[in-house]
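Chain by chain, the residues run as shown.
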Number of protein chains: 2
Amino acid sequence: MDSDTEMHRKESSSENPDPVKAKCPPVLVDDVYLNGPTLDVNGAEDFIRESMRIITEDAVKKATDVREKVCEWHSPEDLKELLDLQLTDEGESDTRILERCRDAIRYSVKTTHPRFFNQLYAGMEPYSMVASFIIEALKPSLYTYEVSPVFTLVEDAVLRKMREVIGWKEGGDGIFNAGGSLSNMYAVNLARYHHCPDVKELGLSAVPRLVLFTSQECHYSISKAAAFLGIGTKNVYVVPSDNRGKMIPTALEELIQTAKSEGAVPFMVNATAGTTVLGAFDPIEEIADICEKHNLWLHVDACWGGAALMSAKHKHLLKGVHRANSVAWNPHKMLMACLQCCAFLVRDKTGLLQRCYSARASYLFQQDKFYDVSYDTGDKSVQCSRKPDAFKFWLMWKALGSKELEQRVDRAFAMAKYLAQEVKKREGFRLLMEPEYANVCFWYIPPSLRDLPDSTELWEKIHKVAPVVKERMMKKGSMMVGYQPHGDKANFFRMIIISPQMN
Amino acid sequence: MDSDTEMHRKESSSENPDPVKAKCPPVLVDDVYLNGPTLDVNGAEDFIRESMRIITEDAVKKATDVREKVCEWHSPEDLKELLDLQLTDEGESDTRILERCRDAIRYSVKTTHPRFFNQLYAGMEPYSMVASFIIEALKPSLYTYEVSPVFTLVEDAVLRKMREVIGWKEGGDGIFNAGGSLSNMYAVNLARYHHCPDVKELGLSAVPRLVLFTSQECHYSISKAAAFLGIGTKNVYVVPSDNRGKMIPTALEELIQTAKSEGAVPFMVNATAGTTVLGAFDPIEEIADICEKHNLWLHVDACWGGAALMSAKHKHLLKGVHRANSVAWNPHKMLMACLQCCAFLVRDKTGLLQRCYSARASYLFQQDKFYDVSYDTGDKSVQCSRKPDAFKFWLMWKALGSKELEQRVDRAFAMAKYLAQEVKKREGFRLLMEPEYANVCFWYIPPSLRDLPDSTELWEKIHKVAPVVKERMMKKGSMMVGYQPHGDKANFFRMIIISPQMN
């Protein structure tokens, strides 16, 4: 593509309208000629087609090719030079912009590469990717049925099906939103509103100190939620977990008593299904019993572990999840929907979500519309414009069917088991614990440390190994695996195998 | 494309590994064969290529073609039938999925169509669209430089430039996030933290009643923020606006005194630059004086009006914006970046944003990395995974340059002025007020009502006109324009002309 094929925009500057082409006499307002469009999408066709070719070659095929690097490391300082980030008065040619597209892809980490095990998501899902391209081209926003008829209905259908998988037979509610952290915040706010509807109007300064409970292994978004929602991080009571990472129910019960004895008001428990580091599942049944006894909202953060519900073999890990009041579940993790795809699901059938969140903006949620305005779901959200992320899950679910989703989940479990076996067999590797889910946690112990006696000094040395190995792998571009310290444990690798491209 | 070209996934089911192709002997774990990938992206190439053709033809070219309909109306009940939404055990062929893509596009509202004037965004921006395709294909998430090197630096560069446009000469901070509502929430939380850092840990039940101020014309997200953040909607003190929709500074000053006399603690003022319905700009200079006097955080919600800052001719509307402590500005509105693209910008240079939001998750924000971890910006966010929306603005800015962005803004202003003139000239149309920005508000008065005397009954009749006209336009697919009642005003149309495709 050469620079001659640049977009129509540069030819038809608004400063030089062509009076022959224009249907009406020139209209000049405040020195701006208004005749005719100044951007013609047909003129952009070559650019769009060429960029799609680059995306297919570089961001899809090459990015997922195991023979290619998972990343091309540059320091921030070097990369700034390479990218030439500055924004200026003059624009650039389409040819130059296409080079910039290539560069942005080249220097990005390939999260879809078969050697990317760094986060709780991975892999390329073609159907979901195509769905997200459609969304990006159409620019829908999910305030109202009027503006997003297709995606409103799709979201409803996906939420319905996900509730069915959870085991909520009829009714219920929910919303997709921008990340699992936000879903957890929705839960905290909804539980609070359920407990004390006055908080919405009067605020927390008008009510006693509210307290919520979660395990020490929970995701950090619970703490962020407490800060953001004005509850305060100290009012998150942290329940100890056992050595597998599971919340200890008796400890929960004790903490609830402690809070009550302090005059605080417990209102919710967050149980985690699939903790971030260890992949542990809190015992939901026992926690649900305690919540019932104390009349507390039970939220299950299944952002990571919810995928197990798709598997007949493994769904027992979330036994009792149907007793939760709300569930957060991210299909963008193990189920591989494109980022972001995060459902917040609610058991309530009385419109609690709507009452909790509604602000009834009259310019958006008019009540005198010509269709059933119960389809205008936007007022259930803390967002105003909201992306139709459910479509990215719906299209791939249609293509694969529940059966193939189940197979992928079963394969991820089997991969974790296999990797754990290999780690145990191989010299210099040491497994932290048998995986319950897809998180395989292990230390790599270099030859120089293998024969040393177990001691604080040894572990201090092991602690420094993972960052060095990671640096080497990233500079080579061979693999990306996360590591972290955890409690009293020295830095260890946490490897997550999700992608069906993995071999 | 016929069904023979379906993806490799269906040929290489994990149940039937081909021992000839496999390099290693078959590995069976829990009844799952682990040899070889079960999804081959090369096998999906035909599907991806064909879907891109459909997207280009239907979602780009046809969607923006003025000769096509802006929407194809169906009731929710009918559309459910047409879409066949149900999710089942078995998957569908690629051919069927491509039909579903076509249908999803066909029945969606074309927000990029030249006759879509329904929201505060419109039009097709090819560069930004391509940027968002790249994001969707690469699936980056902005926690850390390690995982998103390119997009971390791009976000930094865009925030820097936007701060420069605001007039903050050096330093400052900011973050892109999922919607302007969320940006406003960030502002409320940051102002609160600035005023009283203890709230993060101790919560609002430990401090006096906090109060914030905003005008009656502000966006409903301020009220949602107060509810969500535990402040309470009643602690949003609503300042009257004048008949142009601008906050009355003397009324603000009085309300601050009222709050103080009640023993409440004022902590912030939200000024709106470009109100949602009328497009009014609050007088920032005068409000800034009051904020300084009372030591209040000044947030400017310029989600809609921020675009005026790009225009030498019109930036006076935000005079004094550099005195704000924070600004919300959505390039996805008048500047046409793809949805969503929302910046929250902060004047503070001391790391307030980081201190306010950080939770220091050790599995993500390790301090022993081999690069400068100040580039790991994820802990400034309430989200965990976060999309690199800044890239959608950066690429189009690179392509167009500030100059063409300015021309687009000037054209939108001129279009509004022209439309207002035409409305005044044309029989049966009545302008609500001269537009200050791109919001042109008017009534359509049908022939039967034109000669009636001005009375309550007349306005009750006029109130019913807009919903009927809108219904007719949507069923015809000819145009989409928003309408709403406002204060004591009967339903009127609010027309927003942004798209350079408009003629």
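Keep in mind that this is a model prediction, so the values were computed, not measured.

So, about the overall build of chain A. Scanning chain A from N- to C-terminus turns up 15 helices and 14 strands. If one aligns the C-alpha atoms of chain A with their principal axes, the spans along those axes are about 85 × 65 × 45 Å. The buried share of chain A, reckoned over its 503 residues, is 67%. Considering only residue pairs separated by 6 or more positions, chain A has 71% of its internal contacts joining residues 24 or more positions apart. Positive and negative charge centroids in chain A, built from 63 and 67 side chains respectively, lie 6 Å apart.

With that settled, consider the sheet that holds strand 14 (residues 489-496) of chain A. All names here are of chain A. Here we have five strands laid out as an open sheet, ordered 3-13-14-12-11, and mixed in their pairing. A single partner strand is all that each edge strand has here, and the edge strands are strand 3 (116-117) and strand 11 (429-431). Note: strand 3 against strand 13 (residues 480-486), two bridges, orientation parallel. From the neighbouring strand, Phe-117 faces strand 13, where its bridge partner is Val-481. Relative to the sheet, helix 14 (residues 456-463) contacts strand 11, strand 12 (439-444), strand 13 and strand 14, its axis offset from that of strand 14 by approximately 40 degrees. Contacting strand 12, strand 13 and strand 14, helix 15 (residues 465-476) crosses the sheet at an angle of about 165 degrees to strand 13.

On to the interface of chain A and chain B. Across the contact, 188 residues belong to chain A and 189 residues belong to chain B. It is Leu87(A), Lys139(A) and Phe228(A) that lose the most area in chain A upon contact with chain B, and together they represent 6% of the buried surface on that side. The interface formed by chain A and chain B contains 14 salt bridges. A salt bridge links Lys224(B) to Asp379(A), with the nearest nitrogen and oxygen atoms 3.2 Å apart. Counting across the interface, chain A meets chain B through 87 residue pairs in polar contact (both at pLDDT 80 or more). Per element, the largest residue contribution to the side of chain A that touches chain B is 20 residues, and it comes from helix 13 (residues 390-425) of chain A. Its residues placed into classes, the side of chain A that touches chain B shows 96 nonpolar, 47 polar and 45 charged.

Now for unusual backbone geometry. Both trends apply: most residues other than glycine have a negative phi, and most peptide bonds are in trans. Residues and elements named next belong to chain A. Along the chain, Leu-339 connects to Gln-340 via a cis peptide bond; the corresponding omega equals -10 degrees. Among the structural elements, Gln-340 can be located in the loop between strand 9 (326-329) and strand 10 (343-346). At Asp-30, a residue that is not glycine, the phi angle is positive and equals roughly 50 degrees. Following the sequence through the fold, Asp-30 ends up in the loop between strand 1 (28-29) and strand 2 (32-33). Judged by relative accessible area, Asp-30 falls into the partly exposed class, the value being 31%. Backbone geometry at Met-336 places phi at a positive 70 degrees, although glycine is not the residue there.

Under the UniProt annotation, the feature "modified residue: N6-(pyridoxal phosphate)lysine" (unreviewed entry) is placed at Lys333(A). Tracing the backbone through its elements, the reader meets Lys333(A) in the loop between strand 9 and strand 10.

The rules behind each value
- Residues numbered from 1 in each chain as written.
- Chains lettered and ligands numbered in written order.
- Predicted model: local features only at pLDDT ≥ 70, side-chain atom pairs only at ≥ 80, totals over all residues.
- Heavy atoms only, no water.
- Helix = DSSP H or I, 4+ residues; strand = E, 2+ residues; numbered from the N terminus.
- Buried < 20%, exposed > 50% of the residue type's maximum accessible area, 1.4 Å probe, protein only.
- Contact = heavy atoms within 4.5 Å.
- Lys, Arg positive; Asp, Glu negative; His and termini not counted.
- Charge placed at Lys NZ, Arg CZ, Asp CG, Glu CD.
- Pairing = 2+ DSSP bridges.
- Axes fitted to C-alpha atoms, helices over the stretch in contact; angles between N-to-C directions.
- Buried area = accessible area lost by both parts, 1.4 Å probe.
- Salt bridge = Lys/Arg side-chain N within 4 Å of Asp/Glu carboxyl O.
- Polar contact = N/O pair within 3.5 Å; in protein donor to acceptor, adjacent residues only side chain to side chain.
- Nonpolar A, V, L, I, M, F, W, Y, C, P; charged D, E, K, R; others polar.
- UniProt positions renumbered as here; feature names shortened; annotations may be inferred.

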